[in-house]
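Chain by chain, the residues run as shown.
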Amino acid sequence: MKTDGGNSICQTAPLDVAAIRARLSGLAGERYWRSLEELAASESFHELLRREFPRQVSMRSDPLGRREFLKLMGASLALAGLTACGRSAPVDRRIVPYVRQPENLVPGMPQYFATAFTHNGIASGILVESHEGRPTKIEGNPTHPGSLGSTDAFAQASILALYDPDRSRAVTNAGSISTWSAFFNALNGELEGQRLNGGAGLRILTETVTSPTIANQLRLLLAKFPRAKWHQYEPAGRDNVRAGARLAFGEFVETQYRFASSEVILALDADFLLMEPGNVRYAREFTDKRRVREGKTTMNRLYMVESTPSVTGAMADHRLALRPSEIPVFARAAAARLGLPVDAKSTPASSASFAPWLDAAARDLEKHRGAGLVVAGNHQPPIVHALAHAMNHTLGNVDKTVIYTEPIEPHPVDQMASLRELIDDMKAGRVIVLIILGGNPVFSAPADLRFEELLARVGFSAYLSLYENETSARCQWHIPETHYLESWSDTRAYDGTVTILQPLIAPLYSGKSPHEFLAAVMGQPVRSSYNIVRDYWKSRNRTKDFELFWRTALHDGWIAGTDFPPKAVRLKSISSFDQGSGAGATDAGGGSSDSLEIIFRPDPTIFDGRFANNGWLQELPKPLTKLTWDNAVLISPATAERLALGHRVAWSGGEHGKVFADMVELRYAGRSVQSPVWITPGHADGCATVYFGYGRTRAGKVGTGAGFNTYAIRTSDSPWHGFGLEMRKTGARYPLACTQFHHNMEGRDLVRAATLEQYRREPHFARGDEHASQAETSLYAAHKYEGYAWGMVIDTSVCIGCNACVVACQAENNIPIVGKEEVSRGREMHWIRIDRYYKGSLESPETVHQPVLCMQCENAPCELVCPVNATNHSAEGLNDMVYNRCVGTRYCSNNCPYKVRRFNFFQYSDFATPSLKLLRNPDVTVRSRGVMEKCTYCVQRINAAKIAAAKEDREVRDGEIATACQAACPTQAIVFGNINDPGSRVAKLKANSLNYGILTELNTRPRTTYLAKLKNPNPKSGTE
């Protein structure tokens, strides 16, 4: 068989889905599995696992034998001795001290500043660590209502964009470098003509605006140019949410959920733990209701109806996979079952297929009136949102588990309609001056609107953006934008709470903020963001002491009293829902039952494409598929079987470990795109999911060319779902980088999971008496640790697999990316991997996430085999790694049963790019080629806390140390501390009956242990 490069490889046979299904049904007892390849259990797959370090891939090219490799290593070590272990000959550099040291700055001591990260229009409060004026790490703001001290992967990775060397650096005009003054003169000349006719030819296009100051500037601009128009568009916008509220209440209101008060949740394709507004707070509230401790044996219960497997669906106690067209049908049937007067004609006979599942959910919701919750996903059609509002009203959930407020957007609009209006004006030649603030509409606008083509007809176009991208290439003027850590601004959280954004560093590339850009349009090109934002809030401030108000807002990271109070709403007649829904066939189950449906979703790591050049997010495995550096068409096993599609793994030759997926041509709405396929257990049959955001042509060195552009077939009338997808196999195969079968545990017993009822009957099910007795067996007396003994517990019941910990660890510990080619060979460098396990059928499996990092074994197998004592044990029980000693034998990795050590095969860290030097944490070594590395429990944070405690002549307090992964985790699944302190949280959790260690039968005595996974299925449903 030939790859896309034309090289012959040896690989497995195609996956036989029918054989896998038969084998799975024949297994005795409960069986957890990580991938379809593992279930296939072919000899070639086992060969892949055995060949951890195959000869053919020891180098990128020119495969070398072991003897030749050791010769080269020997030469490298000899040369290293001549240069005192440096990368090259030392270079003389001058070190110049501060002439006037900044106030409150102590060299070597980090400072923290409060600000906010805004994603898709919604802000999350953060604290930014700064070393001598350069931001290096992002943490959650514990007092901010949108973050509660945690973050998600997007916020953690946003700091990499600040130092991205591919950022736009200069004003350009028609592709040539220009100046801000030249731009202002050209803009002012164009606006002179617009002043004469009230701005009839002026249009402003923005993303979702929740900044009060930017909204005020735009209002002033429109007052100055009364015939001008302001348009908003984001590809992952919330038009259906707005339309659903109008359908239910006759007005757009914001919906906020109170998961902390919810006992039973019905989610209608709502991924509220990862992709919905307020997800960080919602994840905390939801999982707090799932923690089981001695004395508390109750949990909330989640019912999920969805088409594409999601992070929230993986946490569900009951999950139902339906095609997208069936979800509105389900919502109608649920409303009817709860007693709402839904037209019987609108609940077709197909609802009988899920009737038992629905009855169980409806009974549970009725039983918990006032403590239940119905949530509809952002991408669901308006009728589903309206029915969700109606169900919450009839169940008495309003003002208890769901509240309504004024919209957080100062100017909420139907964004798709707004974009269409702009397109119509461009077609008619009515747009003379077009100002674009952020976004990337040339790339992300629906294909049928032909935005790129029409942009060329605009007389004057100017674009403010962080990167020179696809839209920059089509606009006359491009203005570099400041990063949010470089400028003053303001923004609102999911509940309306305002944060004043303050800069942490001067603009690296002389960019302009949106405030400064709009000020230039208003004829004020030298007005600063600081003055604009401060003056706005000064005009709004009602206190006598504005300076106190301002400093308090900056210190706290949010302005008290700016959240919106609950608003009373009046539910319209249910019969009016159908007349006003504008649903069409896509909402009511149109199309034949045999047609293939298409689902559009933002990518879980690069979102709508804005993070395409962020290497941390590109290399981050997707939460469920574990794909990196690419998108793929997700289909169910049954659909793959019917269409004879699949993927396979190469296990020898130069392509060892690569996954080759069948390429298909997707034809939809008169357009086509090619993409690889990925078989996804739990995906609904008869439909396919495509993630947009990939396929960038101008995204910088990292993102350009990665993946496939599915915006090319996305349409404005069906942006989330449609019928009539044709999928044709091309005969080609495409290599994908997937981590789901890397570091396989070869069937060892790792995951422990049970239902709540099983736990009540057998509270010690997780421990395993035989493992506990083996772990105590030793020829030597156990070492007694005096003082501190650090340990960690991870609660798998509340781990949602969101990957925030992975990116936080990467940012904290200067972990490099390695690229798609290296990942495909199993060489990813992440110190934390999140193993995803399935249990049950291919069609409806249960999902368990288990983060795996260095176990900090007390009897560490790695320490015994290191010839240079690079890995050794500390007096506090840590398995230390001395990088300066490591010579890269990889013996420790071979001897690690957990496969948690990472080897620098090549010079992955970039030592040359100046901006990236500013990014790195100065408290952690930047490793070079030939060094083994791993999790250290963030020993730098441990030592900082110990030094601080010693200064005060005290012990380190419980909770004073938070590892990077622990601090980032939105669900607080990770607990770290001193296990010698019986009152510490970690010691109490290790005494919990759910606590267990993995591979303890090997007598490694890991310091990292887990709490077993518990679910709470309805015992009366008959669906578990």
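Predicted, not measured: the structure shown is a model, and the values here were computed from it.

Describe the overall build of the chain, listing the residues and the values that go with them.
From N to C terminus, the chain includes 34 helices and 40 strands. Considering only contacts within the chain whose residues lie at least 6 apart along the sequence, 75% involve residues at least 24 apart. A total of about 38,700 Å² of accessible surface is found on the chain, and carbon and sulfur atoms cover 52% of it.

Outline the state of the cysteines, listing residues and values.
Counted under the stated rule, the structure contains zero disulfides. Free of any disulfide, Cys857 has its nearest neighbouring cysteine sulfur in Cys854, separated by 6.4 Å. Cys857 gets classed as buried once you look at its relative accessible area, which sits at 7%.

Describe the sheet that holds strand S12 (residues 301-306), with residues and values.
Strand order in the open sheet formed by four strands is S13-S12-S11-S14, and the pairing between neighbours is parallel. The sheet is open, and its two edges are formed by strand S13 (318-321) and strand S14 (372-376), each paired on a single side. Adjacent strand axes in the sheet meet at a mean angle of 10°, parallel and antiparallel pairs treated alike. Contacts between helix H12 (residues 355-367) and the sheet are confined to strand S11 (264-268), S12, S13 and S14, with S12 contributing the most and set at about 140° to the helix.

Before we move on, could you go through the nonpolar core and cite the residues and values that matter?
Judged by nonpolar contacts, the single largest core of 130 residues is most densely connected at Val633, Leu666 and Met727. With seven residues, helix H5 (residues 153-162) is the largest single contributor of residues to this core. With near-sequence residues (within four places) excluded, Met727 lies in contact with Leu596, Val633, Ile635, Leu643, Leu645, Val664, Glu665, Leu666, Val677 and Ala688. Tyr257, Phe272, Val329 and Ala808 belong to the second largest nonpolar core, which has 71 residues in total.

Which residues make up the environment of Ser874, and what are the values?
In this structure, Ser874 sits in the loop between strand S33 (871-873) and strand S34 (879-881). Judged by its relative accessible area of 18%, Ser874 falls in the buried class. Taking the C-alpha atoms as reference points, Ser874 and Glu858, separated by 16 residues in sequence, lie 9.9 Å from one another. Once residues lying within four places of it in the same chain are set aside, the contact partners of Ser874 are Tyr785 and Asp880.

Provide a residue-level description of the packing of helix H7 (residues 212-224) against helix H17 (residues 514-521), including the pertinent values.
Between H7 and H17, the least distance of the axes is 10 Å, while the angle of their chain directions is 10°. In terms of their interaxial angle, H7 and H17 are classed as roughly parallel. Here H7 contributes Thr213, Ile214, Gln217, Leu218 and Leu221 to the contact with H17, which in turn contributes Pro514, His515, Leu518, Ala519 and Val521. Each residue belonging to the contact of H7 with H17 can be placed in one class, and the counts come to seven nonpolar, three polar and no charged.

Give a detailed account of the packing of aromatic side chains, specifying residues and quantitative values.
Per the stated rule, a full pass over the model turns up 33 aromatic pairs. Above the face of the Phe911 ring, Arg920 is positioned so that its terminal group lies 5.9 Å from the ring centre.

Kindly report on the sheet that holds strand S16 (residues 433-437), identifying the contributing residues and their values.
The strands making up a sheet associate through hydrogen bonds between their backbones, and the pairing can be parallel or antiparallel. Spatial strand order, S7-S6-S18-S17-S16-S8-S9: seven strands in an open sheet with mixed pairing. In the strand order of this sheet, the two ends are held by strand S7 (176-177) and strand S9 (229-232), each with one partner. Of the strands in this sheet, strand S8 (202-206), S9 and S16 are in contact with helix H14 (residues 415-427), which crosses S9 at around 130°.

Describe the pattern of salt bridges, naming the residues involved and giving the relevant values.
Using the criterion set out here, one finds 53 salt bridges in the structure. Between Arg551 and Glu547 there is a salt bridge whose closest N-O contact spans 3.6 Å. Within this pair, Arg551 and its partner Glu547 are both found in helix H19 (residues 546-556), separated by four residues, close to a single helical turn. On the basis of relative accessibility, which here comes to 58%, the residue Arg551 falls in the exposed class. Taken together, the salt bridges that share partners define one network made up of Arg203, Lys229, Glu421, Asp425 and Arg430.

Please provide a residue-by-residue account of the confidence of the model for the chain, values included.
Of all residues in the chain, 85% attain a pLDDT of 70 or more, and the chain-wide mean is 87. Every residue in residues 1-12 scores below 50 in pLDDT, and together they form 30 contacts with partners more than four places removed in sequence or on other chains. Taken as a whole, residues 53-93 scores under 50 in pLDDT and shows 40 contacts with residues more than four places along the chain or in a different chain.

Tell me what's going on with helix H18 (residues 529-540), and back it up with residues and numbers.
In this model, H18 (twelve residues) spans 17 Å end to end at C-alpha, consistent with the 16 Å of a helix rising 1.5 Å per residue. Looking at H18, one finds that the buried residues are Ser529, Ile532, Val533, Arg534, Tyr536 and Trp537. Where H18 is buried, its residues contact H7, strand S19 (489-492), strand S20 (498-501), H17 and H19.

I'd like a description of the side chain of Arg284, backed by residues and values.
By the element assignment, Arg284 lies in helix H9 (residues 279-288). The buried charged residue Arg284 lacks any salt bridge partner; its closest oppositely charged side chain belongs to Asp288, at an N-O distance of 5.2 Å. Reaching out from Arg284, the side chain makes a polar contact with the backbone oxygen of Pro970 at a distance of 3.2 Å. Those residues within four positions of Arg284 in sequence are excluded, and the remaining contacts are Leu148, Ser150, Cys969, Pro970 and Gln972.

Tell me what's going on with the side chain of Thr401, and back it up with residues and numbers.
Here Thr401 lies in the loop between helix H13 (382-394) and strand S15 (402-405). Here Gly372 takes part through its backbone oxygen, which lies 2.6 Å from a polar atom of the side chain of Thr401. If we skip the residues at most four places from it in the chain, Thr401 touches Gln256, Tyr257, Arg258, Ser261, Ser262, Gly370, Ala371, Gly372 and Leu373.

Break down unusual backbone geometry for me, citing the residues and quoting the values.
Glycine aside, residues mostly have negative phi, and peptide bonds are mostly found in the trans state. Not every positive phi belongs to a glycine, and Asn814 is a case in point at roughly 55°. Here Asn814 is to be found in the loop between helix H27 (804-812) and helix H28 (820-824). The phi dihedral of Asn869 falls on the positive side, at around 55°, and the residue is not glycine.

Definitions and cut-offs
Residues numbered from 1 in each chain as written. Predicted model: local features only at pLDDT ≥ 70, side-chain atom pairs only at ≥ 80, totals over all residues. Heavy atoms only, no water. Helix = DSSP H or I, 4+ residues; strand = E, 2+ residues; numbered from the N terminus. Contact = heavy atoms within 4.5 Å. Areas by Shrake-Rupley, 256 points an atom, 1.4 Å probe, with all protein chains shown as cover. Disulfide = S-S within 2.5 Å. Buried < 20%, exposed > 50% of the residue type's maximum accessible area, 1.4 Å probe, protein only. Pairing = 2+ DSSP bridges. Axes fitted to C-alpha atoms, helices over the stretch in contact; angles between N-to-C directions. Core = buried A, V, L, I, M, F, W, Y, C linked by side-chain atoms within 4.5 Å. Parallel < 35°, antiparallel > 145°, perpendicular 65-115°, else oblique. Nonpolar A, V, L, I, M, F, W, Y, C, P; charged D, E, K, R; others polar. Phe/Tyr/Trp six-rings, centres within 6.5 Å; stacked < 30°, edge-to-face > 60°. Lys NZ or Arg CZ within 6 Å of the ring centre and 35° of its normal. Salt bridge = Lys/Arg side-chain N within 4 Å of Asp/Glu carboxyl O. pLDDT = per-residue confidence, 0-100. Expected span 1.5 Å × (residues − 1). Lys, Arg positive; Asp, Glu negative; His and termini not counted. Polar contact = N/O pair within 3.5 Å; in protein donor to acceptor, adjacent residues only side chain to side chain.

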